[in-house]
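# Descriptive structure summary
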Amino acid sequence: SPFLSPMFAIVLLFGTVIGMKIIFIIQNFIALQGMYLLARYFKINKIGSIFASVIFAFNGFFFIRYTYGRIYLTQLTYLPLIFYFYLRSKEDWKYILISSLILVISIFEGGAYPFIFSILFIGVHSFFELIFKKNKTIILRNIALLLSITFLLGAVKFMPIIERMNYHEIYENE
């Protein structure tokens, strides 16, 4: 349920249909901006960065989800921003706060799967960095900060999710 999301205020103000269209536009703008920043971080030129951001933001994956009303995966539009700020946290640990905040917003919007995909993506990237890079303490610090800050900021949503994961209909009859 996305009632904790800042975007939910848009639905309350404009109604469901118009509010969801506005959220769709905002999420596509976030996807454009996030992928552009991420591409620029990897030293891709401006034209290539614009091209990458347009392809990411306007691919069929997000549009088909909105068309069918299955918006629970549209929080993946935040993934480039989450990853960008995570990468920037190697230079300054304060960027991990922004990455954690975006992760919390993702989970507040009701998207448990995009949150898991984001954590998995960052985890796999960090695993390979631990193998091939020398700054292991910075990588471990950033992962620990990301997970702990995200869990603390989103505890109001994580605790019911964890409780629900322990419940299953099979055990109800016993």
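Residues numbered from 1 in each chain as written. Predicted model: local features only at pLDDT ≥ 70, side-chain atom pairs only at ≥ 80, totals over all residues. Heavy atoms only, no water.

### With respect to the overall build of the chain
Looking only at helices and strands, one finds ten helices and zero strands in the chain. In sequence order, the secondary structure elements of the chain are arranged as α-α-α-α-α-α-α-α-α-α. Expressed along its principal axes, the backbone C-alpha trace of the chain runs to roughly 50 × 45 × 25 Å. Evaluated residue by residue, the chain yields a buried proportion of 36% over its 174 residues. Counting contacts in the chain only where the partners sit at least 6 residues apart, residues at least 24 apart contribute 63% of the total. For the chain, the centre of its 15 positive side-chain charges and the centre of its 8 negative side-chain charges are spaced 17 Å apart. (Helix = DSSP H or I, 4+ residues; strand = E, 2+ residues; numbered from the N terminus. Buried < 20%, exposed > 50% of the residue type's maximum accessible area, 1.4 Å probe, protein only. Contact = heavy atoms within 4.5 Å. Lys, Arg positive; Asp, Glu negative; His and termini not counted. Charge placed at Lys NZ, Arg CZ, Asp CG, Glu CD.)

### As for the pattern of salt bridges
Pairs can form between side chains of opposite charge once their charged atoms are near each other. The final tally for this structure, using the stated rule, is two salt bridges. The partner of Arg 88 in a salt bridge is Glu 91, with the nearest N and O atoms 3.0 Å apart. Classification of Arg 88 by relative accessible area gives buried; the value is 18%. The closest approach of N and O atoms between Lys 90 and Glu 129, which form a salt bridge, is 2.3 Å. Of the two residues, Lys 90 sits in the loop between α5 (79–88) and α6 (95–108) while Glu 129 sits in helix α7 (residues 112–132), which places them 39 residues apart along the sequence. (Salt bridge = Lys/Arg side-chain N within 4 Å of Asp/Glu carboxyl O.)

### Overview of the packing of α7 against helix α8 (residues 136–153)
α8 packs onto α7 with a crossing angle of 165 degrees between their chain directions and a minimal axis gap of 9 Å. In terms of axis orientation, α7 runs roughly antiparallel to α8. Considering how the two elements wind past one another, α7 and α8 form a crossing that is left-handed. Facing α7, whose interface residues are Phe 115, Ile 119, Ile 122, Ser 126, Glu 129, Leu 130 and Ile 131, α8 presents Lys 136, Ile 139, Leu 140, Ile 143, Leu 146, Leu 147 and Thr 150. Of the residues contributing to the contact of α7 with α8, the split by class is ten nonpolar, two polar and two charged. (Axes fitted to C-alpha atoms, helices over the stretch in contact; angles between N-to-C directions. Parallel < 35°, antiparallel > 145°, perpendicular 65-115°, else oblique. Left-handed = near helix turned anticlockwise from the far one by under 90°. Nonpolar A, V, L, I, M, F, W, Y, C, P; charged D, E, K, R; others polar.)

### Some thoughts on a nonpolar patch on the surface
A cluster of nonpolar side chains, namely Leu 120, Val 124, Phe 127, Phe 128, Ile 131 and Phe 132, defines an oily patch on the protein surface of about 650 Å² accessible area. Position of Phe 128 relative to the elements: it lies in helix α7. By relative accessible area, which is 43% here, Phe 128 ends up partly exposed. (Patch = residues over 30% accessible without salt bridge, like charges linked within 9 Å, V, L, I, M, F, W, Y side chains within 5 Å. Areas by Shrake-Rupley, 256 points an atom, 1.4 Å probe, with all protein chains shown as cover.)

### Observations concerning the environment of Lys 46
The residue Lys 46 is located in helix α3 (residues 46–57) in this model. Along the chain, Lys 46 and Phe 61 lie 15 residues apart, while their C-alpha atoms are 24 Å from each other.

### Looking at α3
Compared with the 16 Å implied by 1.5 Å per residue over twelve residues, the 16 Å span of α3 between its first and last C-alpha is a close match. Along α3, the positions that sit buried rather than exposed are Ser 49, Ser 53, Phe 56 and Ala 57. Along the long axis of α3, the arc covered by the buried residues comes to 90 degrees, so they all point the same way. Set apart from the buried face of α3 by more than 90 degrees, the exposed residues are Ile 47 and Phe 51. (Expected span 1.5 Å × (residues − 1). Arc of directions from axis to C-beta.)

### A closer look at the packing of aromatic side chains
If you walk through the whole model with that rule in mind, you get twelve aromatic pairs. With 4.8 Å between their ring centres and 70 degrees between their planes, Phe 83 and Phe 121 make a pair best called edge-to-face. Of the two residues, Phe 83 is situated in helix α5 and Phe 121 in helix α7; the sequence distance between them amounts to 38 residues. Relative accessible area serves as the criterion here: at 40%, Phe 121 is assigned to the partly exposed category. Consider the rings of Phe 127 and Phe 128, whose centres lie 5.4 Å apart with planes at 75 degrees: the pair is edge-to-face. By way of ring pairs, the aromatic residues Tyr 41, Phe 42, Tyr 84, Phe 85 and Tyr 95 are connected into one cluster. (Phe/Tyr/Trp six-rings, centres within 6.5 Å; stacked < 30°, edge-to-face > 60°.)

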